[in-house]
Amino acid sequence: MVALRRRLLRTPLGLLLTQTQLEAERDQIHLALWHDGAVAGTLLAIRPDAGGTAKLRQMAVSASLQGRGLGAALVHHAETILQPLGANRIVLSARETAVGFYRRLGYRVTGETYIEVTIPHLPMGKIL
Ligand SMILES: CC(C)(COP(=O)(O)OP(=O)(O)OC[C@H]1O[C@@H](n2cnc3c(N)ncnc32)[C@H](O)[C@@H]1OP(=O)(O)O)[C@@H](O)C(=O)NCCC(=O)NCCS
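Residues numbered from 1 in each chain as written. Predicted model: local features only at pLDDT ≥ 70, side-chain atom pairs only at ≥ 80, totals over all residues. Heavy atoms only, no water.

As annotated in an unreviewed UniProt entry, the protein chain is GNAT family N-acetyltransferase from Lichenicoccus roseus.

Shown next, in the form of C-alpha coordinates:
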(Lines give C-alpha, C1' and ligand atoms only; values in the text may rest on other atoms or scores of the structure.)
Protein backbone atom coordinates (compact mmCIF):
# COMPACT_ATOMS: atom_id res chain seq x y z
CA MET A 1 0.00 0.00 0.00
CA VAL A 2 2.81 2.37 0.87
CA ALA A 3 4.55 1.62 -2.44
CA LEU A 4 1.36 2.39 -4.37
CA ARG A 5 0.80 5.59 -2.41
CA ARG A 6 4.37 6.68 -3.05
CA ARG A 7 4.07 5.90 -6.76
CA LEU A 8 0.72 7.63 -7.33
CA LEU A 9 0.49 10.34 -4.72
CA ARG A 10 3.99 11.43 -3.75
CA THR A 11 6.73 10.72 -6.32
CA PRO A 12 4.92 12.62 -9.14
CA LEU A 13 4.98 15.68 -6.86
CA GLY A 14 8.62 15.17 -5.90
CA LEU A 15 7.58 14.38 -2.32
CA LEU A 16 8.32 11.60 0.14
CA LEU A 17 6.14 9.55 2.45
CA THR A 18 8.23 9.50 5.60
CA GLN A 19 8.40 7.02 8.45
CA THR A 20 7.14 9.76 10.79
CA GLN A 21 4.08 10.33 8.59
CA LEU A 22 3.41 6.58 8.45
CA GLU A 23 3.75 6.25 12.24
CA ALA A 24 1.06 8.92 12.64
CA GLU A 25 -1.39 6.68 10.72
CA ARG A 26 -1.38 3.83 13.20
CA ASP A 27 -4.94 4.43 14.42
CA GLN A 28 -6.39 5.03 10.98
CA ILE A 29 -8.31 2.42 8.99
CA HIS A 30 -6.23 1.16 6.04
CA LEU A 31 -8.22 -0.25 3.12
CA ALA A 32 -6.46 -2.09 0.31
CA LEU A 33 -8.00 -3.30 -2.93
CA TRP A 34 -6.32 -6.38 -4.37
CA HIS A 35 -6.13 -7.35 -8.05
CA ASP A 36 -4.11 -10.29 -9.43
CA GLY A 37 -2.24 -10.74 -6.14
CA ALA A 38 -1.12 -7.14 -5.84
CA VAL A 39 -2.45 -4.02 -4.13
CA ALA A 40 -4.28 -2.05 -6.83
CA GLY A 41 -5.97 0.57 -4.67
CA THR A 42 -5.64 2.27 -1.32
CA LEU A 43 -7.82 4.41 0.90
CA LEU A 44 -7.27 5.49 4.49
CA ALA A 45 -10.02 6.56 6.88
CA ILE A 46 -9.72 8.58 10.05
CA ARG A 47 -12.25 7.33 12.57
CA PRO A 48 -15.24 9.57 13.42
CA ASP A 49 -14.65 12.23 16.07
CA ALA A 50 -17.09 12.89 18.93
CA GLY A 51 -19.34 14.85 16.57
CA GLY A 52 -19.48 12.00 14.06
CA THR A 53 -17.16 13.46 11.42
CA ALA A 54 -14.81 10.98 9.75
CA LYS A 55 -12.19 11.72 7.11
CA LEU A 56 -10.98 9.92 3.98
CA ARG A 57 -7.43 10.32 2.67
CA GLN A 58 -4.78 8.73 0.43
CA MET A 59 -7.22 7.56 -2.27
CA ALA A 60 -5.34 5.95 -5.13
CA VAL A 61 -6.00 3.32 -7.81
CA SER A 62 -3.24 1.88 -10.04
CA ALA A 63 -3.10 3.81 -13.29
CA SER A 64 -3.74 0.72 -15.43
CA LEU A 65 -6.93 -0.10 -13.48
CA GLN A 66 -8.48 3.35 -13.23
CA GLY A 67 -11.91 3.94 -14.75
CA ARG A 68 -13.33 0.53 -13.83
CA GLY A 69 -15.23 1.49 -10.69
CA LEU A 70 -12.54 0.41 -8.24
CA GLY A 71 -12.12 3.84 -6.65
CA ALA A 72 -15.87 4.13 -6.20
CA ALA A 73 -15.96 0.65 -4.62
CA LEU A 74 -13.26 1.66 -2.11
CA VAL A 75 -15.11 4.83 -1.09
CA HIS A 76 -18.41 2.94 -0.71
CA HIS A 77 -16.67 0.31 1.39
CA ALA A 78 -15.15 2.98 3.62
CA GLU A 79 -18.58 4.56 4.12
CA THR A 80 -20.12 1.24 5.15
CA ILE A 81 -17.31 0.70 7.66
CA LEU A 82 -17.43 4.23 9.10
CA GLN A 83 -21.20 4.50 9.59
CA PRO A 84 -21.46 1.77 12.24
CA LEU A 85 -18.47 3.39 13.99
CA GLY A 86 -20.62 6.49 14.51
CA ALA A 87 -19.88 8.56 11.40
CA ASN A 88 -22.69 10.84 10.26
CA ARG A 89 -20.50 12.94 7.95
CA ILE A 90 -17.38 12.28 5.88
CA VAL A 91 -14.97 15.01 4.85
CA LEU A 92 -11.94 14.89 2.59
CA SER A 93 -9.38 17.06 0.89
CA ALA A 94 -9.81 16.52 -2.86
CA ARG A 95 -7.20 17.21 -5.47
CA GLU A 96 -8.76 19.60 -7.97
CA THR A 97 -8.36 16.88 -10.62
CA ALA A 98 -10.38 14.40 -8.52
CA VAL A 99 -13.29 16.67 -7.56
CA GLY A 100 -15.47 15.19 -10.34
CA PHE A 101 -14.81 11.68 -9.02
CA TYR A 102 -16.01 12.56 -5.53
CA ARG A 103 -18.99 14.49 -6.92
CA ARG A 104 -20.12 11.29 -8.68
CA LEU A 105 -20.13 9.66 -5.23
CA GLY A 106 -22.30 12.33 -3.60
CA TYR A 107 -19.61 14.57 -2.11
CA ARG A 108 -20.02 18.34 -2.34
CA VAL A 109 -17.42 21.12 -2.30
CA THR A 110 -17.61 22.88 1.07
CA GLY A 111 -15.06 25.68 0.74
CA GLU A 112 -12.41 27.49 -1.25
CA THR A 113 -9.42 26.03 -3.08
CA TYR A 114 -6.17 25.77 -1.10
CA ILE A 115 -2.72 24.35 -1.76
CA GLU A 116 -1.76 21.03 -0.17
CA VAL A 117 1.25 18.86 -1.11
CA THR A 118 2.10 21.61 -3.67
CA ILE A 119 -1.15 21.32 -5.71
CA PRO A 120 -4.70 22.79 -5.54
CA HIS A 121 -7.20 20.98 -3.35
CA LEU A 122 -10.82 21.60 -2.37
CA PRO A 123 -12.56 20.64 0.86
CA MET A 124 -15.45 18.23 0.20
CA GLY A 125 -17.96 16.48 2.40
CA LYS A 126 -20.96 14.19 2.43
CA ILE A 127 -23.68 13.67 5.01
CA LEU A 128 -24.31 9.95 5.51
C1 LIG B 1 -9.25 9.58 -8.64
C2 LIG B 1 -9.17 8.05 -8.66
C3 LIG B 1 -8.99 7.51 -7.25
C4 LIG B 1 -10.49 7.50 -9.27
O5 LIG B 1 -10.46 6.08 -9.20
P6 LIG B 1 -11.09 5.20 -10.36
O7 LIG B 1 -11.07 3.79 -9.94
O8 LIG B 1 -10.42 5.55 -11.65
O9 LIG B 1 -12.58 5.79 -10.39
P10 LIG B 1 -13.91 4.97 -10.77
O11 LIG B 1 -13.66 4.16 -11.99
O12 LIG B 1 -14.40 4.26 -9.56
O13 LIG B 1 -14.88 6.18 -11.14
C14 LIG B 1 -16.16 6.37 -10.54
C15 LIG B 1 -16.88 7.48 -11.32
O16 LIG B 1 -16.12 8.70 -11.22
C17 LIG B 1 -15.74 9.15 -12.51
N18 LIG B 1 -14.37 9.68 -12.39
C19 LIG B 1 -13.26 8.98 -12.07
N20 LIG B 1 -12.20 9.81 -12.00
C21 LIG B 1 -12.67 11.04 -12.30
C22 LIG B 1 -12.06 12.32 -12.37
N23 LIG B 1 -10.76 12.49 -12.12
N24 LIG B 1 -12.85 13.39 -12.68
C25 LIG B 1 -14.17 13.22 -12.94
N26 LIG B 1 -14.80 12.02 -12.85
C27 LIG B 1 -14.07 10.96 -12.55
C28 LIG B 1 -15.79 7.92 -13.40
O29 LIG B 1 -16.01 8.28 -14.75
C30 LIG B 1 -16.96 7.19 -12.82
O31 LIG B 1 -18.17 7.78 -13.27
P32 LIG B 1 -19.47 6.88 -13.63
O33 LIG B 1 -20.00 6.41 -12.32
O34 LIG B 1 -20.35 7.81 -14.35
O35 LIG B 1 -18.96 5.74 -14.48
C36 LIG B 1 -8.01 7.57 -9.58
O37 LIG B 1 -8.14 8.18 -10.83
C38 LIG B 1 -6.63 7.86 -9.04
O39 LIG B 1 -6.07 7.10 -8.26
N40 LIG B 1 -6.05 9.00 -9.47
C41 LIG B 1 -4.68 9.37 -9.08
C42 LIG B 1 -4.55 9.69 -7.60
C43 LIG B 1 -5.57 10.72 -7.16
O44 LIG B 1 -5.77 11.76 -7.78
N45 LIG B 1 -6.21 10.43 -6.02
C46 LIG B 1 -7.19 11.32 -5.42
C47 LIG B 1 -6.52 12.16 -4.41
S48 LIG B 1 -7.67 13.30 -3.65
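Moving on from the model shown.
**Some points on the overall build of the protein chain**
Within the protein chain, the regular secondary structure consists of 4 helices and 7 strands. Reading the helices (α) and strands (β) of the protein chain from amino to carboxyl end gives α-α-β-β-β-α-β-α-β-β-β. In terms of overall dimensions, the protein chain is globule-like: its C-alpha atoms have a radius of gyration of 14 Å, near the 14 Å expected for 128 residues. By its C-alpha atoms, the protein chain is 35 × 35 × 30 Å across when sized along the principal axes. In the protein chain, buried positions account for 41% of the 128 residues. Considering only intrachain contacts with a sequence separation of at least 6, the fraction spanning at least 24 residues in the protein chain is 55%. Accessible surface, the protein chain: about 7,200 Å² in total, of which carbon and sulfur atoms supply 54%. (Helix = DSSP H or I, 4+ residues; strand = E, 2+ residues; numbered from the N terminus. Rg over C-alpha atoms; globule rule 2.2 N^0.38 Å. Buried < 20%, exposed > 50% of the residue type's maximum accessible area, 1.4 Å probe, protein only. Contact = heavy atoms within 4.5 Å. Areas by Shrake-Rupley, 256 points an atom, 1.4 Å probe, with all protein chains shown as cover.)

**Remarks on the packing of aromatic side chains**
Taken as a whole and judged by the stated rule, the model has 2 aromatic pairs. With centroids separated by 6.1 Å and ring planes inclined at 70°, the aromatic side chains of Tyr 102 and Tyr 107 adopt a geometry described as edge-to-face. Each member of the pair, Tyr 102 as well as Tyr 107, is classed as buried. A network of ring pairs unites the aromatic residues Phe 101, Tyr 102 and Tyr 107 as a single cluster. (Phe/Tyr/Trp six-rings, centres within 6.5 Å; stacked < 30°, edge-to-face > 60°.)

**Focus: the site of the ligand**
Lining the immediate surroundings of the ligand are 20 residues, of which Met 59, Gly 67, Gly 69, Gly 71 and Arg 104 lie closest. Between the ligand and the protein, one listed contact pairs an oxygen atom with a backbone N or O atom of Gly 69 at 2.7 Å. At a separation of 2.8 Å, an oxygen atom of the ligand approaches a polar backbone atom of Gly 71. With the chains in place, 69% of the 900 Å² that the ligand exposes on its own is no longer accessible. Those elements that place two or more of their residues in the shell around the ligand are strand 3 (53–61), helix 3 (70–82), strand 4 (89–95) and helix 4 (99–104). (Near = heavy atom within 4 Å. Polar contact = N/O pair within 3.5 Å; in protein donor to acceptor, adjacent residues only side chain to side chain.)

**Topic: the side chain of Gln 58**
Mapped onto the secondary structure, Gln 58 falls in strand 3. According to the relative accessible area criterion, Gln 58 is buried, its value standing at 10%. Separated by 2.7 Å, the side chains of Gln 58 and Arg 5 make a polar contact.

**Here's the deal with the nonpolar core**
By size, the foremost hydrophobic cluster in this structure holds 27 residues, and its most contacted members are Leu 43, Leu 56, Leu 82, Tyr 102 and Tyr 107. Elements supplying a minimum of two residues to this core: strand 1 (29–35), strand 2 (38–46), strand 3, helix 3, strand 4, helix 4 and strand 7 (119–127). Considering each element in turn, this core owes the most residues, 5 residues, to helix 3. Apart from residues lying up to four places away in sequence, Tyr 107 is in contact with Leu 56, Val 75, Glu 79, Ile 90, Leu 92, Tyr 102, Met 124, Gly 125 and Lys 126. (Core = buried A, V, L, I, M, F, W, Y, C linked by side-chain atoms within 4.5 Å.)

**Section: the pairing of strand 4**
A large share of strand 4 lies buried, amounting to 5 of its 7 residues. Relative to strand 4, strand 3 runs parallel, the two being bridged by 4 bridges. Of the residues in strand 4, the one forming a bridge with Ala 54 is Ile 90. For strand 4 and strand 7, the ladder comprises 7 bridges, and the chain directions are antiparallel. From the neighbouring strand, Ser 93 faces strand 7, where its bridge partner is Pro 123. (Pairing = 2+ DSSP bridges.)

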